[in-house]
Structure formats: structure tokens, C-alpha cells
Amino acid sequence: MKQFLSADDVTNINTLIAKAKAFKQDPFGKRSGERKMVINLFFNSSLRTRMSTEKAARQLGADVITYDASGGWGIEFEDGTVMNGNTAEHVREAAGVLSQYCDVLCVRSFPSLEDRVADYEDRIIKSFVKYASVPVVSLESATLHPLQSLTDCLTIAEHRPVPRPKVVLTWAPHPRRLPQCVSNSFVQWMQAWGEVELTIANPPGFNLAPAFAPKEIVTHDQRAAFADADFVYAKNWSAYDNYGATTNEYDDWIVDEEKMALTNNAYFMHCLPVRRGVVVTDGVISGERSLVLQQANNRTWAAQAVLDSLL
Ligand code: CP
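Residues numbered from 1 in each chain as written. Predicted model: local features only at pLDDT ≥ 70, side-chain atom pairs only at ≥ 80, totals over all residues. Heavy atoms only, no water.

On the basis of which strands lie adjacent, the open sheet formed by five strands has the order E9-E8-E7-E10-E11 and parallel pairing. Strands with a single pairing partner mark the edges of an open sheet, and in this sheet they are strand E9 (218-219) and strand E11 (267-269). Both strand E10 (residues 231-235) and E11 contribute to a ladder of three bridges, which runs parallel. When the bridges of E11 are listed, Phe231 appears paired with Tyr267. (Pairing = 2+ DSSP bridges. Helix = DSSP H or I, 4+ residues; strand = E, 2+ residues; numbered from the N terminus.)

For strand E7 (residues 166-171), the buried fraction is high: five of the six residues fall into the buried class. Pairing analysis gives five bridges linking E7 to strand E8 (residues 197-201), with the strands arranged parallel. Opposite Val167, over in E8, you have Leu198 as the bridge partner. In this fold, the crossover linking E7 to E8 by way of helix H7 (residues 181-193) has right-handed handedness. Examined bridge by bridge, E7 and E10 share five bridges and lie parallel to one another. Bridging across to E10, Leu169 finds its partner in Tyr233. (Buried < 20%, exposed > 50% of the residue type's maximum accessible area, 1.4 Å probe, protein only. Right-handed = clockwise from strand over helix to strand, strands pointing away.)

Take the site of the ligand next. As a matter of local geometry, the ligand sits amid Ser46, Leu47, Arg48, Thr49, Arg108, His145, Gln148, Cys271, Leu272 and Arg299. Contact between the ligand and Ser46: an oxygen atom at 2.6 Å from a side-chain N or O atom of the residue. Note that an oxygen atom of the ligand is positioned 2.9 Å from one of the side-chain N or O atoms of Arg108. Contact with the protein chains covers 92% of the free accessible surface of the ligand, which is 250 Å². Classifying every residue of the shell around the ligand by side-chain character gives three nonpolar, four polar and three charged. (Near = heavy atom within 4 Å. Polar contact = N/O pair within 3.5 Å; in protein donor to acceptor, adjacent residues only side chain to side chain. Areas by Shrake-Rupley, 256 points an atom, 1.4 Å probe, with all protein chains shown as cover. Nonpolar A, V, L, I, M, F, W, Y, C, P; charged D, E, K, R; others polar.)

Let's shift gears to the pattern of salt bridges. The full count for this structure, using the stated rule, is 14 salt bridges. A salt bridge links Glu114 to Arg177; the nearest nitrogen and oxygen atoms lie 2.6 Å apart. Residue Glu114 is located in the loop between strand E5 (104-108) and helix H4 (116-121), and its partner Arg177 is located in the loop between E7 and H7; the two are separated by 63 residues in the primary sequence. Measuring nitrogen to oxygen at the nearest pair gives 2.8 Å for the salt bridge that ties Arg160 to Glu195. Taken as a pair, Arg160 in the loop between helix H6 (146-159) and E7 and Glu195 in the loop between H7 and E8 lie far apart in primary sequence, 35 residues in all. With relative accessibility at 25%, the residue Arg160 sits in the partly exposed group. Each of Lys19, Lys30 and Asp308 takes part in one network of salt bridges that share partners. (Salt bridge = Lys/Arg side-chain N within 4 Å of Asp/Glu carboxyl O.)

Given below as C-alpha cells:
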């Protein structure tokens, strides 16, 4: 593996899951990071990704520097710009400099949710890949969140009641407009993995990008989707078609006990952070079938498997 930006960078997802499981059994069993440096560059907030990636690097014996890029020099991503505005440093120099300080460069960025074309070009992460001379790991980009998705594969693999479980990705309400990255990525990884029956439930107007979500697996009937589900993965995303739009018209899409009762005693999953009482009821997220803390724990092992593969 030369970089970790999406499922396309992984030859065999089961091999990576097995590696993550091995690190979970023995966190300090392989010291591939000794005398190595990992840099984490964050353009926006994080709790889980930051902590789990730092922990994973340290358990491999690596040193870690985490930098809040949103509070640093403004970075320019356009080529040929006369930089007489707010940006102080071009990504060509920033990526070149950081490559001299580390062995793996991890980057988190978010979409603008204003300009779909620009967001889906994923310019920030792709610019770092272009100009860095070390492997780049996506800690979430404008369109994908591969470390979260690898974690979700691991969590489903650990808990599936049957070899090929039914997994439902359901849109859920939210007061703010959120990126589509986690959901795009979840669908991409579930399909690449090929070991689940995936259904996507979302209200009309909230279909994900066709490149990620084929129409055949999308329904606008949340209750019908929940029937016989083994896993329910809740996530809000803003609209792809009317790009960045959100709504309060579908607040009844909250995941509650009544809908979970339609399932095959499904596990509840969410990447966190989550708004209780909006996305999911307290009873479901605090219930015995909730896997949200196990998912957050598995972020470490997924990150450790990826960093080890690149180091
Ligand atoms: N799930 C996730 O990526 O969490 P953070 O935004 O806190 O890193």
C-alpha cells in the first residue's frame, strides 16, 4: 500500500481487518514505527481520529506531531495565484517541507458544502498527495472517511450473526448541514468488501452521489429498510443534488426503539459525534445493542493496521 485515501488503495480488505484484529490482541507486538515520525495535519475538529491515530502511531513505536492547520499559515491550493490575499504558503512548499519532517503524512480536511465540483475534486488531500514525497493517509477528506470505514468493517466482522448480514445505512435528522464523506465511504467499503447485503434508506432529495450509491440499493421507506436488518448504521448527510442543503422536514427519521423493533435485533452503529434525541434516542444509543463505543475503540486498531502497512 502506497497511500490510504479510499478502498481503492487496499488490495485485500480482509487482510487489513485481520491485521487490525492482531493489533487489538497485541497492541505493542510490532514496532514498525521505531525511529519514524508521523505528522497529523488537521484542517478541522476531531476527537476520535486525532486520539486514535496518535495512539496507534505510538503503539508502533513512532513519534507523532499533530498540527492544527486551521490555526496556522493559510495554505494556497490554486496554482498560478498571486498570493496577495489571506493565504501565506502554497501547498507545494507546505507538502515539501512536511515530507522532510515525517515518514507518513496524515491529513484531515472537510468540504465547503458550497461548491460540489470543487469538493468532489478533493483538492486538499489530492494536493498533499501530489506534492508530498511520503505516503499520505486520509484522516477524512471532502468526500471520504476511509479510516472510519475500515473500522466499520472490523466492527461488523466482529459482531455479525451470519456470514452475510443485512446492513442498513439510514439517513437521520440533524440541525446542521453535514458532509457526505462518512456515508460515501461506508457504501464504498461495504461494496468493496462484498460481505454484507447493503441497503441505503434516505428521504427523497437526499440520495448520495450516484458514483457511490447505486439506485438499486436505495429506498425512501425507512421502516421497510429496517425489516430483518442485522446492523443499522445511522448518519446524517446534506443533499448531494441540491448540494449542501438540509431539512427539518424529516425529523421523524430519528432512530428509535419502535423502528429498531422491526429489525433482526440489529446492532446500532454511528461514527460519532452524535446528537442524542435528534439522530437517535437515548434508549437506542445507550441500549445493549449499541456498538458506538466499540466502533470508537476500533478506530485505534484500524489506524494501527494502516500505519503499519505504510511504515
Ligand atoms: N468519527 C470521527 O471521525 O470522529 P472525529 O470527528 O471526532 O474524529
